[in-house]
Amino acid sequence: SRPHAWVKLWKHHGAKPQAEALQRVSEAQERPYPDWYGGVISQETLTAKVLEVFAQDRAVYDAADAFVDAGDYVTSQLAGEMCFSLPMAAAKAFWCKESGYPDAAFFGAIDPALADMPQQKLMAHFPNAKRGYPGQGVAKLCAAWAERLGLCPGIALCPAQLDAYAALPGLGVTGPGEALMVVGTSMALLTMQTDRVLVPGVTACLPDTFYPGIWGYASGQCSVGDTFQWFVDNCVPEEERKKAQAAGKNLHSYLTDEAAKLAPGETGLLALDWFNGNRSPLADPRLSGLILGLNLQTKPAHIYRALLEATAFGARHILEVHQQAGLPIERIILCGGIPGKNAFFDQLYADVLGRPVEVSTCTQAPALGSAIFAAVAAGRWTLQEAIGKMQCADTRNYTPDPSRPYEFLYEAYITMTNTCFGPLKPILDGLYVRRRK
């Protein structure tokens, strides 16, 4: 009965007021933290969620020994002692290797009781904890868990890595000019650079988070597959379900095949992909999805196609913001559940992005990347050697089809984005407040 005692998913967006408070204090005290997170501090950070618990259920906050990311919790359990991932602390909790956590004046400006929050509730609460980067052997598998898992005690353990980040070594994405899109319920877009570039709306712009000695840039969309699933669960009539069943297909496959029969712009529909807010580049969880152009002839496959197109338009918008900020991307690799199953989706991305895309055949890229880090932690190879020997380089390649132009629809998408994030935003914010109530 105490929701704030539950695990919070990364895409929990209830901590927006706390993220805004962190933003205000950062700007008032001229702190660098917004620049770490694309200019706008995200409600998805661990720090914002901890402050949300403090504000919404103080008893749970006080009773908690500490708040940790799930990856750190699992590693600590396996080790039998506290182990922390420094990339996760940097990406999620305002930590940096030069100065550690923000000082007492920062959190104290939000509430005096929070002045020592990192020492009370975060990694700093465990001064003797093991900590390090993925690929470093910082701990060993404890005897208790070795017995439960049927493994040998003493196996090397390395710190956790964020799930999408772990896919990078698995697919051999190692340097500037490459972008990995991990597409599933949401989309993570990851790219890197040898130095720092300010990119509006990235969720993290930090050194050493992907690999040592390189700046990692993480951004993405809050809802991709989640949007398609919402539509299938709530908006498809029984007649269409029967047609899919008669064709021996699930609804997603059936609607995709029907959508593939349509030409760009044929339905007259245009959608915004903000069904769980906008993570990048607008960084506003209050934004909501929109479908423009509905009429009495609109069919479910028409809407499904518009939603597919909207996610591709959103991905292109993010890429263009990177380009405009001086972070060129020459190679795009897709992986994840949706690209691996939906060739129409993959071709659509190539058409909308206007450039070739490579779709990895690896079905478990983050697991493969984790195995690479584990091999390095065990002392088997260096990171570069392990990536060279263990990566999955197999891809299916798609090139833009000039007979399927999307420029006019993308321009309309940008116009609608600017309108809804401009003149219409007060109305949308008011609707958001009413919906929350």
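It should be noted that the structure appears before, not after, this text.
Residues numbered from 1 in each chain as written. Predicted model: local features only at pLDDT ≥ 70, side-chain atom pairs only at ≥ 80, totals over all residues. Heavy atoms only, no water.

S.K.: Honestly, the environment of Ala315 in this entry has me stumped. Any pointers?
M.R.: By the secondary structure assignment, Ala315 is in helix 14 (residues 300–324). As a C-alpha pair, Ala315 and Tyr406 span 91 residues in sequence and 14 Å in three-dimensional space. For Ala315, the contacting residues outside a window of four places in its chain are Met181, Met187, Gln221, Tyr349 and Leu353. (Helix = DSSP H or I, 4+ residues; strand = E, 2+ residues; numbered from the N terminus. Contact = heavy atoms within 4.5 Å.)

S.K.: Would you explain the sheet that holds strand 13 (residues 395–398) in this entry?
M.R.: Within a sheet, each strand pairs with its neighbour through backbone hydrogen bonds, oriented either parallel or antiparallel. Across the sheet, 7 strands lie side by side as 7-8-6-5-11-12-13; this open sheet has mixed pairing. The open sheet has two free edges, formed respectively by strand 7 (204–207) and strand 13, since each of these has just one partner strand. Averaged over all adjacent pairs, the angle separating strand axes in this sheet is 20 degrees, with direction ignored. Bridge analysis of strand 5 (residues 178–183) against strand 11 (residues 331–335) gives 5 bridges, and the strand direction is parallel. In the strand pairing of strand 11, Ala179 is matched with Ile332. (Pairing = 2+ DSSP bridges. Axes fitted to C-alpha atoms, helices over the stretch in contact; angles between N-to-C directions.)

S.K.: Can you help me understand the environment of Met390 in this one?
M.R.: Inspection of the secondary structure puts Met390 in helix 18 (residues 383–390). For Met390, a relative accessible area of 24% puts it in the partly exposed group. A sequence separation of 220 residues divides Met390 from Gly170, and the C-alpha atoms of the two residues are 7.3 Å apart. Look past the residues within four positions of Met390 in its chain and what remains in contact with it is Leu368, Ala371, Ile372, Ala375 and Trp381. (Buried < 20%, exposed > 50% of the residue type's maximum accessible area, 1.4 Å probe, protein only.)

S.K.: So what exactly am I meant to see when it comes to the pattern of salt bridges here?
M.R.: Within this structure, the stated rule accounts for 22 salt bridges. With a shortest N-O distance of 3.5 Å, Arg279 and Glu44 are connected by a salt bridge. Here Arg279, found in the loop between strand 9 (270–272) and strand 10 (290–292), pairs with Glu44, found in the loop between helix 2 (33–36) and helix 3 (46–56); they are 235 residues apart in sequence, far enough to count as distant. Across the pair, exposure class does not vary: Arg279 and Glu44 are buried alike. The salt bridge involving Lys261 is made with Glu258; its shortest N-O contact spans 2.9 Å. Residue Lys261 is classed as exposed on the basis of its relative accessible area of 61%. (Salt bridge = Lys/Arg side-chain N within 4 Å of Asp/Glu carboxyl O.)

S.K.: I keep staring at a nonpolar patch on the surface and nothing clicks. Help me out?
M.R.: A grouping of Leu149, Leu151 and Ile155 is seen on the molecular surface, where their side chains present a nonpolar patch of about 260 Å² in accessible area. On the accessibility criterion, Leu151 (45% relative accessible area) is partly exposed. (Patch = residues over 30% accessible without salt bridge, like charges linked within 9 Å, V, L, I, M, F, W, Y side chains within 5 Å. Areas by Shrake-Rupley, 256 points an atom, 1.4 Å probe, with all protein chains shown as cover.)

S.K.: Is there a simple way to think about unusual backbone geometry in this case?
M.R.: For residues other than glycine, phi is negative in most cases, and the peptide bonds are mostly trans. Put simply, Ser280 and Pro281 share a cis peptide bond, and its omega is 0 degrees. Summarising the element assignment, Pro281 is placed in the loop between strand 9 and strand 10. Phi at Phe94 is positive, roughly 65 degrees, even though this residue is not glycine. Of note, Phe94 is situated in the loop between helix 6 (86–93) and helix 7 (104–108). Looking at Phe94, the relative accessible area reads 0%, which means it is buried.

S.K.: Explain the state of the cysteines to me, please; I cannot follow it from the model alone.
M.R.: Any covalent bond linking the sulfur atoms of two cysteines counts as a disulfide. Counted according to the given criterion, the structure contains 0 disulfides. Of all cysteine sulfurs, the one in Cys420 lies closest to Cys222, which takes part in no disulfide; the gap is 16 Å. Its relative accessible area of 2% is what places Cys222 among the buried residues. On the basis of relative accessibility, which here comes to 3%, the residue Cys420 falls in the buried class. (Disulfide = S-S within 2.5 Å.)

S.K.: Whenever I open this one, the packing of aromatic side chains confuses me. Can you help?
M.R.: The geometry of an aromatic ring pair is captured by two quantities: the separation of the ring centres and the angle between the planes. Per the counting criterion, the structure on display carries 20 aromatic pairs. On the basis of an interplanar angle of 55 degrees and a centroid distance of 6.3 Å, the ring pair of Trp230 and Phe231 is categorised as tilted. A relative accessible area of 34% places Trp230 in the partly exposed class. Judged by relative accessible area, Phe231 falls into the buried class, the value being 2%. Between the aromatic rings of Phe313 and Tyr410, the centroid separation amounts to 6.1 Å while the plane-to-plane angle is 55 degrees, which identifies the pairing as tilted. With a gap of 97 residues between them, Phe313 in helix 14 and Tyr410 in helix 19 (residues 407–420) connect regions that are remote in the sequence. Like Tyr410, Phe313 is buried. Pairwise contacts between aromatic rings join Tyr33, Trp36, Tyr37, Phe94, Phe106 and Phe107 into one cluster. Note that Lys121 overlies the ring of Tyr61, its terminal NZ or CZ placed 5.0 Å from the centroid. For Arg148, the ring lying beneath its charged end belongs to Trp145, and the centroid distance is 4.2 Å. (Phe/Tyr/Trp six-rings, centres within 6.5 Å; stacked < 30°, edge-to-face > 60°. Lys NZ or Arg CZ within 6 Å of the ring centre and 35° of its normal.)

S.K.: Mind showing me how you'd approach helix 6 here?
M.R.: Working note: α-helix, 3.6 residues per turn, so residues spaced by three or four point in the same direction. With 8 of 8 residues buried, helix 6 lies mostly within the body of the structure. Listed in full, the buried residues belonging to helix 6 are Leu86, Pro87, Met88, Ala89, Ala90, Ala91, Lys92 and Ala93. Tucked inside the fold, the buried residues of helix 6 contact helix 3, helix 5 (70–79), strand 1 (83–85), strand 2 (130–132), helix 10 (163–170) and strand 7. Remark: Phe94 follows helix 6 within two positions and exhibits a positive phi of approximately 65 degrees.

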